[in-house]
Amino acid sequence: SKARKRLEQKPLCVERTKGSEILFGIAPCALALTQSRRDMFRLFLKQSSGSQRLIMSEFVLQATARGVPVHYLKKRELSALCKGQVHQGVCLEATPLRFKSLEEAEKPDLGDEEGANRQLIWLALENIQDPMNLGAVLRSAYFLGVDRVVTSQRNSCPLTPTVSKASSGAVEVFDIYSTDDLQSFLKAKTAEGWEVVGTVSKPKDVENVPVISCSEFRWNKPIIIVIGSEGDGISLETQLLCHRMLAIPPGRALHPGIESLNVSVATGILLHSICSQKLRHGD
């Protein structure tokens, strides 16, 4: 009986389709199913989910409509499948999301389509390595109305299931672009008349570029907001390509060691300050 008990306790081993990954969480899985930007192999739902029955039945309808087989697993089997992440009773086996290349982004009719005078905001991410930070940044960018996100390829986090969960599924509906040469990209956009705006937590760390408070920032041309890595911020090479640097003014004298914000929180504050001007001008 002890041997049988051990067998019952051992989570089911699910053999994955080659090249697939396990997406987890209600929002990422629901959006992945409805958007069909991934190839989807199997949907895994928690057995007897009680209060979530209505949500689960909607998942079954969506999966059935797309020909995705549905399997029911115990909670611990789902947890084993997504390596202990918070799955909310739903996992989806699918192909990974890829960054889009900037070549795909440069549509010749972009200017005509969006109007030459329209205020465009692009977000450039340099060396964001933590998937939770990247997901949170992308969620804010999507929510606040950023037109496009471009990441540096080197030393940056890929679009993993953790990123999708942290973005609350925003990456399933929002194209994210990538470049292997961020500096050349910024130079090219400057030549096209865009303003490149950097971000900094400590104004004294910046040389040769004017630093202003985000609350004082005004803009009347397309802009690219550059966000740097969690520890080092924007690289010196990139800083020197910025026309201005933005800082978030603190609300009190800060104790040494806690003088900066988490990168995703800082991004949310900066984007709200900047995007709210866009909304006012658009009204």
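As recorded by an unreviewed UniProt entry, the chain carries the name rRNA methyltransferase 1, mitochondrial and is attributed to Eurystomus gularis. The UniProt entry for the chain carries the following text under Subcellular location (unreviewed entry): "Mitochondrion". Of the chain, the UniProt comment under Sequence similarities (unreviewed entry) reads exactly: "Belongs to the class IV-like SAM-binding methyltransferase superfamily. RNA methyltransferase TrmH family."

Brief notes about the overall build of the chain
Each helix and strand in the chain was counted, giving 11 helices and 12 strands. Partitioning the intrachain contacts of the chain with sequence separation of at least 6 by distance along the chain shows that 86% fall at a separation of at least 24. Of the roughly 15300 Å² that the chain leaves accessible, carbon and sulfur atoms contribute 52%.

Quick notes on the pattern of salt bridges
Per the stated rule, a full pass over the model turns up seven salt bridges. Of the charged contacts in the structure, one is a salt bridge between Glu 21 and Arg 38, with a shortest N-O distance of 2.9 Å. One end of the pair, Glu 21, is in strand β1 (residues 21-24); the other, Arg 38, is in the loop between α2 (26-35) and β2 (40-46), and 17 residues separate them in sequence. As far as burial versus exposure is concerned, Glu 21 and Arg 38 are alike and both buried. Between Arg 37 and Asp 175 there is a salt bridge; the shortest N-O distance is 2.4 Å. With Arg 37 in the loop between α2 and β2 and Asp 175 in the loop between α8 (161-166) and β8 (176-179), this pair connects stretches of sequence that are 138 residues apart. For Arg 37, a relative accessible area of 34% translates into the label partly exposed. What makes Asp 175 partly exposed here is its relative accessible area of 25%. Sharing partners across several salt bridges, the network here consists of Glu 21, Arg 38 and Glu 172.

Section: helix α3 (residues 53-65)
Along its 13 residues, α3 runs 18 Å from first to last C-alpha, staying within 8% of the 18 Å computed at 1.5 Å per residue. Taken residue by residue, α3 has Met 56, Phe 59, Gln 62 and Ala 63 as its buried positions. One side of α3 carries all its buried residues, which in axial view fall inside an arc of 120 degrees. More than 90 degrees from the buried face of α3, the exposed residues found are Arg 53, Leu 54, Leu 61, Thr 64 and Ala 65. Summarising the contacts, the buried residues of α3 are in contact with α2, β2, β3 (70-73) and β4 (90-94). Among the residues trailing α3, Gly 67 stands out with phi positive, at a value near 70 degrees.

The rules we used
- Residues numbered from 1 in each chain as written.
- Predicted model: local features only at pLDDT ≥ 70, side-chain atom pairs only at ≥ 80, totals over all residues.
- Heavy atoms only, no water.
- UniProt positions renumbered as here; feature names shortened; annotations may be inferred.
- Helix = DSSP H or I, 4+ residues; strand = E, 2+ residues; numbered from the N terminus.
- Contact = heavy atoms within 4.5 Å.
- Areas by Shrake-Rupley, 256 points an atom, 1.4 Å probe, with all protein chains shown as cover.
- Salt bridge = Lys/Arg side-chain N within 4 Å of Asp/Glu carboxyl O.
- Buried < 20%, exposed > 50% of the residue type's maximum accessible area, 1.4 Å probe, protein only.
- Expected span 1.5 Å × (residues − 1).
- Arc of directions from axis to C-beta.

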